[in-house]
Every structure is written in C-alpha cells, then in structure tokens.
Amino acid sequence: TSKNELYKQYKWILSLVTTIMFYLPGIQDVINLLIAFNRFFALCYPFMYRKIFTPANTYFMIVVALIYSIIFVIPIIGGEG
C-alpha cells in the first residue's frame, strides 16, 4: 500500500489523536477553573463550602466540565480540514 492509501485508512484515528492532543489543555483549563472555584469557597465561605461541595455535587461538576470540554472537540473531529 502507498502512503496515501495508508493515510486514508487511518485518517479518523490520526484526526482523533491530534484533536485530543490539541484540545487537552482546554479540558485542563476547565478543571483548573473548578479547582479555583473550590478553593475560593473553602477560603472565603468556609461554612457554605460543605453545603456546596458535597461528593455528589463535586462529581456533577466534573462530569459537566468534561461534557463541556468534549462539546467543543466533537465538531472539530468530524470536520474536514
């Protein structure tokens, strides 16, 4: 097989890996924002902190952050160019 045929065969894998590598810092930015939000409430509002950052709410925030980050990656993975 030629290089062009090999590229066409694995184009979607290359696109996925490249996109994840390119947008991983964006996902990290969202997680860092959540950590900053957490620390802000821990320092400035310590009595409200335990009410806001329950384990269930923390898991919810993490899932929302990951979904939010993935939403911006999906159109680029499926796009041409």
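See above for the structure.
Residues numbered from 1 in each chain as written. Predicted model: local features only at pLDDT ≥ 70, side-chain atom pairs only at ≥ 80, totals over all residues. Heavy atoms only, no water.

**Details of the overall build of the chain**
For clarity, the cut-off: Comment: elements are numbered from the N terminus, with helices defined as DSSP H or I runs of at least four residues and strands as E runs of at least two. Residue exposure (1.4 Å probe, protein chains only): buried if accessible area is under 20% of the type maximum, exposed if over 50%, otherwise partly exposed. Residue contacts follow a heavy-atom distance rule, with two residues in contact if any of their heavy atoms lie within 4.5 Å.
Broken down by element type, the chain carries 4 helices and 0 strands. When the helices and strands of the chain are placed in sequence order, the string is α-α-α-α. Counting across all 81 residues of the chain, residues that qualify as buried make up 11%. For the chain, contacts bridging at least 24 residues in sequence account for 58% of all contacts bridging at least 6.

**Comments concerning the packing of aromatic side chains**
Selection criterion: Classification of ring pairs uses Phe, Tyr and Trp, with its six-membered ring standing for Trp, and accepts pairs whose centres are within 6.5 Å; under 30 degrees between planes counts as stacked, over 60 as edge-to-face, and the remaining range as tilted.
Under the defined criterion, the tally for this structure stands at 7 aromatic pairs. Centre to centre, the rings of Phe 37 and Phe 41 are 4.9 Å apart; their planes meet at 70 degrees, and the pair counts as edge-to-face. Placement of the pair is Phe 37 and Phe 41 together in helix H2 (residues 11-44), with a separation of 4 residues, close to one helical turn.

**Concerning the side chain of Asn 38**
Note that Asn 38 resides in helix H2. Taking relative accessible area as the criterion, Asn 38 reaches 15% and is therefore assigned buried. In this structure, Asn 38 is in contact with Tyr 49 and Phe 53, ignoring residues within four places of it in sequence.

**Description of a nonpolar patch on the surface**
To keep things clear, this is the line we draw: Any residue with relative accessible area above 30% and no salt bridge may belong to a patch, with like charges joined within 9 Å and the nonpolar Val, Leu, Ile, Met, Phe, Trp and Tyr side chains within 5 Å. All accessibility values rest on the Shrake-Rupley procedure with a 1.4 Å probe; residue burial counts only the protein chains present in the view. Any Lys or Arg side-chain nitrogen located within 4 Å of an Asp or Glu carboxyl oxygen qualifies as a salt bridge.
On the surface, Leu 6, Tyr 7, Tyr 10, Trp 12, Ile 13, Leu 14, Leu 16 and Val 17 cluster together into a nonpolar patch covering about 750 Å² of accessible area. Counting residues per element, the ones that place at least two in the nonpolar patch are helix H1 (3-9) and H2. Of all the elements, H2 adds the most residues to the nonpolar patch, at 5 residues. Position of Ile 13 among the secondary structure elements: in helix H2. For Ile 13, a relative accessible area of 33% corresponds to the partly exposed category.

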